[in-house]
Structures are given as C-alpha cells and as structure tokens.
Amino acid sequence: MRPYLLKGHERPLTQVKYNAEGDLLVSCAKNLQPCLWYADDGRRVGTYEGHNGAVWSCEFTLDSSRLITSSADQTVRIWDLPTGRELHQIRMNEPCRACHLSVGEQLLVFTTDSFMGSPPQLHLVDLDLQEFGERQGSAPKSSITAPKGRITRVFFTDCNRQLISSHDGGWVRRWDTETGELVAEVQVHEDAIQDMQVSPDGSYVITASLDKTAKLVDIASLQTLKTYKTGRFVQSAAISPLYDHVLLGGGQDASQVTTTSAKAGGFEARFYHKIYAEEFGNVRGHFGPINTVAFAPDGRSFTTGGAGGTGFCCCWG
C-alpha cells in the first residue's frame, strides 16, 4: 500500500470526493478554497477561489466537466472543472451544506441550515450545466421544510422520484421529489448523523454518527441492516465498491486532541467486514480526528481527510 500526503488546507477537511473515473479527487475544507488533486500520485492540480466561508460538500458531473460546491457563505457555486472558472452561483439567505445531482443531471438538490429564524430546508433547482445565462435559474424551483436540526447529507433515489436525507438527532428521512411530502422517517441513531454515503448499487446507505456507531440502512424500508460499533465518534463512513468492506473514520473530539495520544484517540481509519461487522484492520497516519473518508470508484484506493487540514490517499499494491 502506497500512501500519499495531500497538504493543501490549513483548516479541517469537510469532504473528499472522487470523480466517476477515479482519476481526480476534490477536497473541501473550512479554509474557503476546494482543491483538485490527481488521485494516482497525489499532485495538486489547482484550487477554486471565490467562496467566503467553509465549503461543506461538493459534487462532480458525470463527465468531470463541472464541479458544484456548497458553502457556509450562503452560496452554491458551479465551476468549470479544468480551468477553475466560476460559471454560476445560487445565492441563498442561509448557510448551504449538502448537495447532489440527479440522474441525468437536470436537477440539483441542496440543503440550507436553520438561520435567523429560517428552518432547515431542501431546495430543488433546474440546471443546464452546459449553458449559463439569464435563463439559468438562480432561485430554487421548490423548497421542502424539514424538522429542526441540520440536514447533513441528501441524495436522489428511486430514479429521482424521491430524496433521502440524514439529520441531527439520528434521523433518516425520505421525501417525495415532486410534492415535497415526507414519505418515511426513522431514528437510526441516538445522536447526530455526521455523514451518509450511498452504496454502489443505490439500494442502501451507510451512516456515521456521534453515538459511536455506523449503520447500513436499506433505502426502501429504512431498516437497519448492520451496525458497526467503534467506541469512538464516527465522523464518516464509506462502502467499498469492490470488496465486502466498509471504512470508518473519526476519533476523539477535536477539543481533547492535545491531551490524548494518537493511539488512544482512535484517529486511525478502521476497516470492518460489511457482513460480519467485525474490525479486521486499520491504517494510521492522522494525529487528529478523521472528518471524511471515500473509496475510489474501482475500490483499489481510498482517501481520508483530517481535522488538521491534511489528507491521505492510499493505493493498494
């Protein structure tokens, strides 16, 4: 296994994400500029400058021509991926957090946090990712009001007919895309869900929570299929597209890092068998909590991003 150190941020990472081919990687952090990297050797390609707040999440288009970022500066921005030029922005009155493109890339869903009396919401926007002009919508075509608490992740499911979202308080909810009605909700965790990622076949998700567990949840029934217990806060979790493995990242709270050794803090990336829910290995390298993890699309490498502003890209063999 060959590890590469990705040093491009001075503040904690919030998300790392591969493109569809797996040759490019974007890291988002609290220091305003997302970074683009070559996934095979860890070289930085460049940065996307324009945000004035923490960048919480990002999304590639299928052909890797566009990058979408969602930020606490109350904007969602669309960038030309190769040049770093900003093409369009959607400005809101609340901090933006999660975003996701629909199948066919004609719809974008993003979430906003509660702010100055406004409730947390999911917003749907019509997109034409090839042409941007006055006709390109700068305001959502519809908005869905969610119960109190942050919406940490959102995805399209069921061929764009429904949305699935994760929330503070441990809730996972499904929404009707057309009507905005709440279809189903289940409290999967006892504490906040920090991350949620979809399986390669789109039939289930993995959730990571501050209740020190990660869980596999069936999208159709919202039934918990497997539970992975760690004894430490779980900040992020990913499902291998190649093996029956899941990858968990987290560790002791960042405020207590200075009084804790790296080993006692549980700052390693931990591998569990997806079916048997047993830990079989871990990878060390971070000296603080791991905030985000991701598998490459081919399943032969993975990336972790830490609270210290560094990422590690690890390639097998």
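A brief look at the structure comes next. (Residues numbered from 1 in each chain as written. Predicted model: local features only at pLDDT ≥ 70, side-chain atom pairs only at ≥ 80, totals over all residues. Heavy atoms only, no water.)

## Remarks on the pattern of salt bridges
Then, number 1: Evaluated as defined, the whole model comprises 13 salt bridges.
Then, number 2: For Asp244, the salt bridge is made with Lys274, and the minimal N-O distance between the two is 3.7 Å. Placement of Asp244 in the loop between β22 (234-239) and β23 (245-250) and of Lys274 in the loop between β24 (269-273) and β25 (279-283) is noted, with a sequence separation of 30 residues between them.
Then, number 3: Sharing partners across several salt bridges, the network here consists of Asp73, Arg77 and Glu86. (Salt bridge = Lys/Arg side-chain N within 4 Å of Asp/Glu carboxyl O. Helix = DSSP H or I, 4+ residues; strand = E, 2+ residues; numbered from the N terminus.)

## Some words on the environment of Arg85
Then, number 1: Note on placement: Arg85 falls in the loop between β8 (75-80) and β9 (86-91).
Then, number 2: Since its relative accessible area comes to 53%, Arg85 is described here as exposed.
Then, number 3: Put simply, Arg85 and Ser102 are 17 residues apart on the chain and 23 Å apart in space, counted from C-alpha to C-alpha.
Then, number 4: For Arg85, the contacting residues outside a window of four places in its chain are Ile78, Trp79 and Asp80. (Buried < 20%, exposed > 50% of the residue type's maximum accessible area, 1.4 Å probe, protein only. Contact = heavy atoms within 4.5 Å.)

## Describing the state of the cysteines
Then, number 1: According to the stated counting rule, one finds 0 disulfides in the structure shown.
Then, number 2: We note that Cys96 lacks a disulfide partner, and the nearest cysteine sulfur, in Cys99, lies 9.2 Å from it.
Then, number 3: We note that Cys99 lacks a disulfide partner, and the nearest cysteine sulfur, in Cys58, lies 6.9 Å from it. (Disulfide = S-S within 2.5 Å.)

## As for the packing of aromatic side chains
Then, number 1: Across all of its chains, the model carries 6 aromatic pairs by this definition.
Then, number 2: Relative to Trp79, the ring of Tyr48 has its centre 5.7 Å away and its plane inclined at 65°; by these criteria the two rings are edge-to-face. One end of the pair, Tyr48, is in the loop between β5 (44-47) and β6 (55-60); the other, Trp79, is in strand β8, with 31 residues separating them in the sequence.
Then, number 3: Taking relative accessible area as the criterion, Trp79 reaches 0% and is therefore assigned buried.
Then, number 4: Consider the rings of Phe271 and Phe302, whose centres lie 5.3 Å apart with planes at 80°: the pair is edge-to-face. Of this pair, Phe271 sits in strand β24 while Phe302 sits in strand β27 (residues 301-306), placing them 31 residues apart in sequence. Side by side, Phe271 and Phe302 carry an identical accessibility label, which is buried.
Then, number 5: Members of the aromatic cluster, each reached through a chain of ring pairs, are Phe271, Phe280, Phe295 and Phe302.
Then, number 6: Between Arg97 and the ring centre of Trp56, over which it is positioned, the NZ or CZ distance is 4.3 Å.
Then, number 7: Its guanidinium or amino end placed over the ring of Phe233, Lys212 lies 5.8 Å from that ring's centre, counting from NZ or CZ. (Phe/Tyr/Trp six-rings, centres within 6.5 Å; stacked < 30°, edge-to-face > 60°. Lys NZ or Arg CZ within 6 Å of the ring centre and 35° of its normal.)

## Things to note about the sheet that holds strand β17 (residues 182-187)
Then, number 1: Spatial ordering of the open sheet is given by β14-β15-β16-β17, a layout of 4 strands whose pairing is antiparallel. Both edges of this open sheet fall to β14 (151-157) and β17, since each of them pairs with a single strand only. With direction set aside, neighbouring strand axes in the sheet form an average angle of 15°.
Then, number 2: Of the pairings in the sheet, the one linking strand β16 (residues 171-176) to β17 comprises 5 bridges and is antiparallel in character. Along β17, the bridge assignment pairs Val172 with Val186. (Pairing = 2+ DSSP bridges. Axes fitted to C-alpha atoms, helices over the stretch in contact; angles between N-to-C directions.)

## Quick look at unusual backbone geometry
Then, number 1: A positive phi angle, close to 60°, is found at Glu105, a residue other than glycine.
Then, number 2: If you trace the backbone, Glu105 turns up in the loop between β10 (96-101) and β11 (107-112).
Then, number 3: Backbone geometry at Asp158 places phi at a positive 55°, although glycine is not the residue there.
Then, number 4: Take Asp158: it is sitting in the loop between β14 and β15 (162-167).
Then, number 5: Relative accessible area serves as the criterion here: at 36%, Asp158 is assigned to the partly exposed category.

## Concerning the side chain of Ser236
Then, number 1: Topologically, Ser236 is positioned in strand β22.
Then, number 2: At 2.6 Å, the side chain of Ser236 and the side chain of Asp195 are in polar contact.
Then, number 3: Apart from the residues lying within four places of it in its own chain, the contact partners of Ser236 are Asp195, Gln197, Ala208, Leu247, Leu248, Gly249, Asn291, Thr292 and Val293. (Polar contact = N/O pair within 3.5 Å; in protein donor to acceptor, adjacent residues only side chain to side chain.)

## Concerning the sheet that holds strand β18 (residues 193-198)
Then, number 1: The sheet built from 4 strands is open, its strands ordered β18-β19-β20-β21 with antiparallel pairing. Of all the strands in the sheet, the pair left with one neighbour each is β18 and β21 (224-229). Each strand of the sheet is rotated relative to its neighbour by a mean of 20°, with strand direction disregarded.
Then, number 2: Here strand β19 (residues 204-209) runs beside strand β20 (residues 213-218); their pairing, made up of 5 bridges, is antiparallel. The residue bridging Tyr204 from the neighbouring strand is Asp218, located in β20.

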